[in-house]
Amino acid sequence: MSSSTENQQHLDITAERAKCTFNPSLLTPLFYGGEDTMTQLKKIEAMIDADPVFDRDDRYFLGRTERFQRALPMVKRYVELRNKHGLTPEEAAYFKVYIDDYIPVSWTPLSLTLVALML
């Protein structure tokens with residue numbers, strides 16, 4: 001897509017959003033399953049974003065072996081944070097989705113524990 005097309009799309013979307021007759025941010029808790037759930041998920045996002053182990057900046061430039069080597073500390077850190085914060089299964093699932101990276105092991109408790117012990 002050309003830059004002018006993208007700019008026009010941005011302008012169109014902005015114009016349509018300005019026509020909204022209600023506050024769209026009031027719908028956000030509804031999509032997340034309630035205000036409390038949304039708050040908890042935002043805390044998980046902040047926890048991941050603040051941890052350098054989960055940095056995503058270079059992931060597109062790594063080979064398969066490098067991605068595997070990079071994923072092992074991620075899995076270990078995930079297990080540490082899950083245990084430290086007592087994440088529920090739903091929160092743990094959201095955590096894994098938010099990581100949005102190549103993880104070369106299954107997410108079963110046994111495999112995660114084994115990987116954590118290897119590091």
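Thresholds applied
- Residues numbered from 1 in each chain as written.
- Predicted model: local features only at pLDDT ≥ 70, side-chain atom pairs only at ≥ 80, totals over all residues.
- Heavy atoms only, no water.
- Patch = residues over 30% accessible without salt bridge, like charges linked within 9 Å, V, L, I, M, F, W, Y side chains within 5 Å.
- Areas by Shrake-Rupley, 256 points an atom, 1.4 Å probe, with all protein chains shown as cover.
- Salt bridge = Lys/Arg side-chain N within 4 Å of Asp/Glu carboxyl O.
- Helix = DSSP H or I, 4+ residues; strand = E, 2+ residues; numbered from the N terminus.
- Phe/Tyr/Trp six-rings, centres within 6.5 Å; stacked < 30°, edge-to-face > 60°.
- Buried < 20%, exposed > 50% of the residue type's maximum accessible area, 1.4 Å probe, protein only.
- Lys NZ or Arg CZ within 6 Å of the ring centre and 35° of its normal.

A.B. asks: How should a nonpolar patch on the surface be read in this particular structure?
C.D. replies: Together, Phe22, Leu27, Leu30 and Phe31 make up a nonpolar patch on the protein surface, roughly 460 Å² of accessible area in all. Here leucine 30 lies in helix H2 (residues 28-32).

A.B. asks: Sorry if this is basic, but what is going on with the packing of aromatic side chains here?
C.D. replies: Under the defined criterion, the tally for this structure stands at 3 aromatic pairs. Ring centres of tyrosine 94 and tyrosine 98 lie 6.2 Å apart, and the angle between their planes is 20 degrees; on these two criteria the pair is classed as stacked. Here the residue tyrosine 94 and the residue tyrosine 98 both occupy positions in helix H5 (residues 89-99), the gap between them amounting to 4 residues, near one helical turn. Judged by its relative accessible area of 22%, tyrosine 98 is partly exposed. When the ring centre of tyrosine 98 is taken as origin, the NZ or CZ atom of arginine 56, which lies over that ring, is 5.0 Å away.

A.B. asks: For this particular structure, what's the right way to read the pattern of salt bridges?
C.D. replies: Any two side chains of opposite charge can pair if their charged atoms end up close together. This model, assessed by the stated rule, comprises 7 salt bridges. A salt bridge links glutamate 45 to lysine 42; the nearest nitrogen and oxygen atoms lie 3.6 Å apart. In this pair, glutamate 45 and lysine 42 are both assigned in helix H3 (residues 35-50), 3 residues apart and thus about one turn of the helix distant. With relative accessibility at 37%, the residue lysine 42 sits in the partly exposed group.

Distances and angles like these do not, on their own, reveal function.
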